[in-house]
Amino acid sequence: MMIVMQDAASEDQIAHIIQRIEDAGAKAHVVRGEFMTVIGAIGDDRELVASMSLEGEPGVEKVLPILKPFKLVSREFHREDRVLEIGGRKIGGGHFALIAGPCTVETREQTMETARVCAAVGATFLRGGAYKPRTSPYAFKGLGKPALEILAEARAETGLPIVTECMDIRQLDDVLEVADIIQLGARNMQNFDLLQEVGKCGRPVLLKRGLSNTIEEWLLSAEYIAKEGNDQIIMCERGIRTFETATRATLDISAVPVAQGLTSLPVIVDPSHAAGKRDLILPMARAAVVAGADGLIVEVHPSPEHALCDGPQALHADRFAAWVADVRRCIDLMGKVMSGSESIPAGVAGPDH
Ligand code: PEP
Ligand code: MN
């Protein structure tokens, strides 16, 4: 449930309500909006809290149930769009994030070259996998720790904050040394122990939607993270499994406005894993931006034909500037600003992706 405080509620009154919630064995999550403060009472002792009659307490405007199964991440609880600020770059509420980089860190040169291109075009964050979830146990599964060191070097040179995947709790300490945003992959969306550990660590999270998961299940996974006190979560639609085989997955564009209606967290789109084919990435990216996505995550490689992972969907690094110029026209159309690109002119749009 949520306790809506009066506009004029004092700090003491807010502290008193938090104390009462905690005394009842629940967790209090405070959201301070422009005009009012809302306190969420979340915990296994919800019924106990419900019987506390907080309505009569000084400073309390009203007490309301949160009707959705997910609570802290729901728009019911947090009405205004959340704007996350990570490494000095914003995402959400008009701030568009372009996350770009290789699927996998393969070599120092490949990663540094890609990172330089991403920085030059004004990308917001650099992606790169050190630990890769691969369908075949014989496929390249990433360099692990040495890849994290390469990513740290790429950040030091370019200033781009790093997004990298953590597949397992045993990798978390190492990933935390480098990641500005921890990616939780589609296959791990319901790894509940991992969700909770990442929730406890407090680092921003990029949560991919599972291949066969509903939007509600995806938001409940975000709730696992938020319940541990970490509400810096970016939701990422990356295509779902359908009967269609012409594309790697089916990009669920409707997930963008649907999820945005249900949560105030930023919702981004990964057209690379959805399409699986380079030539489809641009039209799908345009569609995602115009559908209202708060960002994109795309794979870029200096030499996609030699990539060890996901080459067919990687954008060519030497043509990435034209690709970004095209997408920026859509971002402009939506009245948003690409975070990190403010000092870089939008450039000449070109369809030669
Ligand atoms: C990735 O981003 O490289 C990746 C493996 O993504 P997903 O978990 O969406 O398949
Ligand atoms: Mn990939």
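Quick one: what's the story with the coordination of the manganese ion (ligand 2), residue by residue and with numbers?
Cys-103 (SG), His-273 (NE2), Glu-299 (OE) and Asp-310 (OD) make up the full set of protein donors to the manganese ion (ligand 2), lying at 2.0 to 2.4 Å. If you list the donors of the manganese ion (ligand 2) from N- to C-terminus, the spacing comes out as C-x169-H-x25-E-x10-D. Here Asp-310 lies in the loop between strand E14 (295-301) and strand E15 (315-316) and Glu-299 lies in strand E14, a separation of 11 residues in the sequence. This pair shows no difference in class: Glu-299 is buried, exactly as Asp-310 is.

Tell me what's going on with the packing of aromatic side chains, and back it up with residues and numbers.
For the structure on display, the rule yields 2 aromatic pairs. Summarising the aromatic geometry, the rings of Phe-320 and Trp-323 are spaced 5.7 Å apart at their centres and angled 25 degrees between planes, so their arrangement reads as stacked. Here Trp-323 and Phe-320 lie together in helix H11 (residues 320-333), a separation of 3 residues that amounts to about one turn. Pair check on accessibility: Phe-320 and Trp-323 agree, each one buried.

I'd love a proper account of the sheet that holds strand E1 (residues 2-5), names of residues and values included.
Neighbouring strands of a sheet are bound in pairs by backbone hydrogen bonds; such pairs are parallel or else antiparallel. Across the sheet, 4 strands lie side by side as E2-E3-E1-E4; this open sheet has antiparallel pairing. Only two strands of the sheet have a single partner each, and these edge strands are strand E2 (27-32) and strand E4 (60-64). Each neighbouring strand pair of the sheet contributes to a mean axis angle of 20 degrees, computed without reference to strand direction. Pairing geometry for E1 and E4, over 4 bridges, is antiparallel. Looking across to E4, one finds that Val-4 is bridged to Lys-62.

Can you explain the site of ligand 1? Please cite residues and give values.
Cys-103, Arg-127, Lys-132, Pro-133, Gln-183, Gly-185, Ala-186, Arg-187, Lys-208, Arg-238, His-273 and Glu-299 make up every residue found near ligand 1. Here Arg-238 contributes a side-chain N or O atom positioned 2.6 Å from an oxygen atom of ligand 1. Take His-273: an N or O atom from its side chain is 3.1 Å from an oxygen atom of ligand 1. For ligand 1, whose unbound accessible area comes to 300 Å², protein coverage reaches 97%. Judged by the fraction of its atoms near the pocket grid, ligand 1 is located in the second largest pocket.

Any chance you could break down the pattern of salt bridges for me, citing the residues and the numbers?
Opposite charge on two side chains permits pairing when their charged atoms draw close. Per the stated rule, a full pass over the model turns up 20 salt bridges. Taking the shortest distance from any N to any O, the salt bridge between Arg-108 and Glu-153 comes out at 2.4 Å. Of this pair, Arg-108 sits in helix H3 (residues 108-120) while Glu-153 is found in helix H4 (residues 145-158), placing the two residues 45 residues apart along the sequence. Here Asp-168 makes a salt bridge to Arg-170, at a shortest N to O gap of 2.9 Å. One connected set of salt bridges, linked through shared partners, spans Arg-108, Glu-109 and Glu-153.

Residue-level account of the side chain of Glu-165, with values.
Relative to the helices and strands, Glu-165 resides in strand E9 (residues 162-165). Of the side chains with opposite charge, Lys-132 comes closest to the buried, unpaired Glu-165, at an N-O distance of 4.8 Å.

Help me get a handle on a nonpolar patch on the surface, residues and values and all.
Together, Val-290, Leu-333 and Met-334 give the surface a local cluster of nonpolar side chains, amounting to about 270 Å² of exposed area. Tracing the sequence through the fold places Val-290 in helix H10 (residues 278-290). For Val-290, a relative accessible area of 39% translates into the label partly exposed.

Tell me what's going on with the packing of helix H7 (residues 215-227) against helix H8 (residues 255-262), and back it up with residues and numbers.
The interhelical angle for the contact between H7 and H8, taken along N-to-C directions, is 50 degrees, at an axis separation of 11 Å. If you check the angle between H7 and H8, you find them oblique. Between H7 and H8 lies a crossing whose hand is right-handed. The residues of H8 that touch H7, namely those facing Ile-215, Trp-218 and Leu-219, are Ala-255, Val-258, Ala-259 and Leu-262.

Could you give me a rundown of the environment of Ala-41, with the residues and numbers involved?
By secondary structure assignment, the location of Ala-41 is in strand E3 (residues 37-42). Taking the C-alpha atoms as reference points, Ala-41 and Asp-12, separated by 29 residues in sequence, lie 18 Å from one another.

Please provide a residue-by-residue account of the nonpolar core, values included.
In terms of nonpolar packing, the biggest core is built from 77 residues, with Leu-207, Leu-296, Phe-320 and Trp-323 touching the most fellow members. Setting aside anything within four residues of it in sequence, one finds Leu-207 in contact with Leu-184, Met-189, Leu-195, Trp-218, Ser-221, Ala-222, Ile-225, Ile-233, Ile-234, Met-235 and Cys-236. Membership of the second largest hydrophobic core comes to 16 residues, among which are Ile-3, Ile-14, Ala-24 and Ala-26.

What counts, and where the lines are drawn
Residues numbered from 1 in each chain as written. Chains lettered and ligands numbered in written order. Predicted model: local features only at pLDDT ≥ 70, side-chain atom pairs only at ≥ 80, totals over all residues. Heavy atoms only, no water. Donors = N, O, S within 2.8 Å, 3.2 Å for Na, K, Ca; no water. Helix = DSSP H or I, 4+ residues; strand = E, 2+ residues; numbered from the N terminus. Buried < 20%, exposed > 50% of the residue type's maximum accessible area, 1.4 Å probe, protein only. Phe/Tyr/Trp six-rings, centres within 6.5 Å; stacked < 30°, edge-to-face > 60°. Pairing = 2+ DSSP bridges. Axes fitted to C-alpha atoms, helices over the stretch in contact; angles between N-to-C directions. Near = heavy atom within 4 Å. Polar contact = N/O pair within 3.5 Å; in protein donor to acceptor, adjacent residues only side chain to side chain. Areas by Shrake-Rupley, 256 points an atom, 1.4 Å probe, with all protein chains shown as cover. 1 Å grid on protein atoms, 1.4 Å probe; cavity = no way out; pocket = protein on both sides within 12 Å on 5 of 7 lines; lining within 4 Å. Sits in = over half its atoms within 2 Å of the grid points. Salt bridge = Lys/Arg side-chain N within 4 Å of Asp/Glu carboxyl O. Lys, Arg positive; Asp, Glu negative; His and termini not counted. Patch = residues over 30% accessible without salt bridge, like charges linked within 9 Å, V, L, I, M, F, W, Y side chains within 5 Å. Parallel < 35°, antiparallel > 145°, perpendicular 65-115°, else oblique. Left-handed = near helix turned anticlockwise from the far one by under 90°. Contact = heavy atoms within 4.5 Å. Core = buried A, V, L, I, M, F, W, Y, C linked by side-chain atoms within 4.5 Å.

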